[in-house]
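Coordinate inspection notes
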Amino acid sequence: MTRYVVRRLLVFVPALMVVAIFVGLMIDLMPGDPAMLLVGIESPGEAINKKRIELGLDRPIHERLAEWVFNALQGDFGESYFLNQTVTETIAERYEVTISLAVFALVVGIVVGVPIGIIASVKQGQFIDWLVTTSALLWLSIPGFWIALNLIFLFSVSLGWFPMAGFVPITENPLNFLKHLVLPATSMGLGLSGIIARFTRTSMLEVLRQDYICTARAKGLCQRVVLLRHALRNALIPIITMVGIGFGDMLGGAVLTELIFSMPGVGRMVLDAVKRRDYPVVQGGVFVVTATYLAVNLVVDMLYAWADPRIHYE
Amino acid sequence: MNKKRNMNGLEALADKESDQDSTSLTLNRRRWRNPWLDAFYNFRRNFSGIIGVTILVVMTVLHVGAPLFTPMDPAEMNSGEILQPPSVEHPFGTDHFGRDLFSRVLYGGRISLLVATVVTLVTTVTGVVLGALSGYYPKLDTLIMRVMDLVMAFPVMILAILSVAILGPQFFNVIMALIIPVTPRTARVVRGSILSLKEQDFVTAAQSIGVGDLRIIVRHLLPNVLPPLLVRQTYVFGISILIEGGLNFLGIGVQPEIATLGSVVSEGRRFLRDMPWFSFYPGMAIALLVLGINLLGDGLRDVLDPRMKV
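Residues numbered from 1 in each chain as written. Chains lettered and ligands numbered in written order. Predicted model: local features only at pLDDT ≥ 70, side-chain atom pairs only at ≥ 80, totals over all residues.

Right, let's get into the overall build of chain A. Scanning chain A from N- to C-terminus turns up 13 helices and zero strands. Reading the helices (α) and strands (β) of chain A from amino to carboxyl end gives α-α-α-α-α-α-α-α-α-α-α-α-α. Each principal axis of the C-alpha atoms in chain A carries an extent, and together these give about 85 × 55 × 35 Å. By residue count, 41% of the 314 residues in chain A fall in the buried class. (Helix = DSSP H or I, 4+ residues; strand = E, 2+ residues; numbered from the N terminus. Buried ≥ 20, exposed ≤ 12 C-beta atoms within 10 Å, placed from the backbone.)

With that out of the way, let us pick up the overall build of chain B. Broken down by element type, chain B carries 14 helices and zero strands. Secondary structure elements of chain B, listed N to C terminal, follow the sequence α-α-α-α-α-α-α-α-α-α-α-α-α-α. Counting all 310 residues of chain B, 46% fall into the buried class.

On to the interface of chain B and chain A, then. Contacts between chain B and chain A engage 34 residues on the former and 38 residues on the latter. The set of elements that each furnish at least two residues to the side of chain B that touches chain A consists of α9 (156-167), α12 (213-250) and α14 (277-304) of chain B. In terms of residue count, α14(B) provides more of the side of chain B that touches chain A than any other element does, nine residues in total. (Contact = placed C-beta atoms within 7 Å.)

This paragraph deals with helix α9 (residues 174-208) of chain A. Residue and element names in this part refer to chain A. Taking 1.5 Å per residue as the helical rise, α9 with its 35 residues ought to reach 51 Å, whereas the 41 Å between its terminal C-alpha atoms falls clearly short. The largest bend in α9 is about 40°, located at Val-182, with the proline Pro-184 one to four residues further on. Extensive coverage of α9 is indicated by the burial of 25 of its 35 residues. (Expected span 1.5 Å × (residues − 1). Bend = angle between axes of the 7 residues up to and from the residue.)

Attention shifts here to the nonpolar core. In this structure, Ala105(A), Val270(A), Ala160(B), Ile161(B) and Leu178(B) are the most contacted members of the largest nonpolar core, which totals 162 residues. Tallying contributions element by element places helix α11 (residues 223-260) of chain A first for this core, with 16 residues. When neighbours within four sequence positions are excluded, Leu178(B) is seen to be in contact with Val115(B), Val119(B), Ala160(B), Ser240(B), Ile243(B) and Glu244(B). (Core = buried A, V, L, I, M, F, W, Y, C linked by C-beta atoms within 7 Å.)

Residue and element names in this part refer to chain A. A positive phi angle, close to 60°, is found at Asn-84, a residue other than glycine. Positioned with a positive phi, Arg-277 is a non-glycine residue whose angle comes to about 60°. With respect to the helices and strands, Arg-277 occurs in the loop between α12 (266-276) and α13 (279-307). Using a count of 15 C-beta atoms within 10 Å as the deciding quantity, one classes Arg-277 as partly exposed.

Residues and elements named next belong to chain B. By the secondary structure assignment, Ala-285 is in helix α14. It is 22 Å that separates the C-alpha atoms of Ala-285 and Arg-232, two residues lying 53 residues apart in sequence. In this structure, Ala-285 is in contact with Val-105, Gly-109 and Leu-261, ignoring residues within four places of it in sequence.

Our focus in this paragraph is helix α7 (residues 101-136) of chain B. Taking 1.5 Å per residue, 36 residues should reach 52 Å; α7(B) reaches 51 Å between its end C-alpha atoms and fits that length. Most of α7(B) sits inside the fold, with 26 of its 36 residues counted as buried.

All names here are of chain A. Here helix α6 (residues 87-122) crosses α9 at 35°, and the two axes come no closer than 5 Å. Remark: the crossing between α6 and α9 carries right-handed chirality. Split into classes, the residues belonging to the contact of α6 with α9 amount to 22 nonpolar, nine polar and two charged. (Axes fitted to C-alpha atoms, helices over the stretch in contact; angles between N-to-C directions. Left-handed = near helix turned anticlockwise from the far one by under 90°. Nonpolar A, V, L, I, M, F, W, Y, C, P; charged D, E, K, R; others polar.)

Residues and elements named next belong to chain A. Contact geometry for helix α10 (residues 211-218) and α11: axes closest at 11 Å, N-to-C directions at 150°. Comparing their axes, α11 and α10 come out roughly antiparallel. Like other packed secondary-structure pairs, α10 and α11 cross with a definite hand, here right-handed. Contacts from Tyr-212, Ile-213, Ala-216 and Arg-217 in α10 reach Val-226, His-230 and Ala-231 in α11. (Parallel < 35°, antiparallel > 145°, perpendicular 65-115°, else oblique.)

Okay, the confidence of the model for chain B next. All names here are of chain B. When pLDDT is averaged along chain B, the result is 86; 88% of the residues meet or exceed 70. Mean pLDDT across the elements of chain B ranges from a minimum in helix α2 (residues 9-20), with 42, to a maximum in α7, with 95. Per-residue pLDDT stays below 50 along residues 1-24; that stretch engages in seven contacts with residues further than four places along the chain or on separate chains. Under the prediction, the complex receives an ipTM of 0.87, its pTM being 0.87. (pLDDT = per-residue confidence, 0-100.)

Here you go:
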């Protein structure tokens, strides 16, 4: 197990470097001259040249790229063009929001998806199975941003149960922190719960057909023990994969949710930076979100090894 | 006749011999049925598939034939009819510029359908080419899959936003922003199928009689890849509509003057308290389109690839 973890970590570092190179190349991949775009197309050549030197674009690409990757891997993404602070500081202020949102959405997805997936598999072919599979398909077909608006209308505007917008750090007031997260996390997590429910059902159905489940029932174990201890553990592997992928979707979806609920997160920061052409902030934000996604997938791979000790790193 | 013209010598010989063979083969031939025809007959009995097709056909007819269903111009402003509730004249009401929301939703759906169709068709081609090369040639596999892994390291929405940031918010760029994250996922499906198929006896048989690689891939492998690919691409259609809707909702999709479902939902957000129907209808249109295609995908999966049944 330790050897597996170490080798998996050794793959993680080059993956992070390749992502850093790709994100670092962003400015050079853009059609046109970024300096000209920033100062305005009709500006005099002198002003454009000055901006180019200011951005360091007069230096050779390999030199700039090497510097960016080296700094990025140490958490230094340069200065924002507009915010008057370093990108690292900007991200640090907003990271908690995005991570809390993604984690809570994931929790909603798992807490709703896994149990209804199990129920559907046990009641295969019955009305409840049809109900679960159909509603799961419905949830994953509805855009999260539309669910969010409907939830706001229902639970904030009409009933007044939850706040419409904003974010409160957990250290400030844990209850308010939860209250502010319920609607955003639910709007993101419902779609994911549909996907997880479908995966859980399929995975459970495959496991429930195995001989050892028959043996477990034959020796008189109760349904709960058979399902949770014997079947679910083996059905977990595809579900864990789905949770890993789902976390990426949550990080991406956070951009929309943060905008709707006016939450000061990394996603909204990237979106604002895209609109303002604040390239260092876009680069830093995308790199941090992607690095988080890669790290979560690393954890997911380790969870595989826990769920199925037969898995070894080849 | 055409079929024989496309065959090489040994294949034609085998075919000729089989033509001359005895009764048992004739019986076999009688029993042989076109699997696609079988799938079509089975699909007709598939409840969710039929519901999906119905939703999709109705929505497509409404969006594509928008001028037939609404005489209003989606961009025409009317200062005398600002923020009107639904009525006979304006079934979905009007927006803050007095534009008819029904026609904005109908015309907006055209963009979603167009983007999703182009993305689905292009990623089918790019996914098949990359997946087939990767699955069939082990030397290319490492290179292609490492590049695909890099693209898949980014969350889909983040990569789409990054692509728009690099390319600029325009109609064509939105399509590109979707093709980039979707292609590797389709390529993996094709690669996976090719990897398992190429070990089968019929491929070895074709190789042993000297059939070229291109012919093996196109004539023998790709027809077998088609069922999972078809199912996969129906989901790509749905995902494209959702992401395109998201990008337009964020205001970084197609040009703001063009009505899209995502942008109309976004405009309605400001009036959520007093006019909840403003963003309700365009969101409903997105949900129905995606639900229709997902139901169709599920139906196709049940009849074409029952092993994948959820």
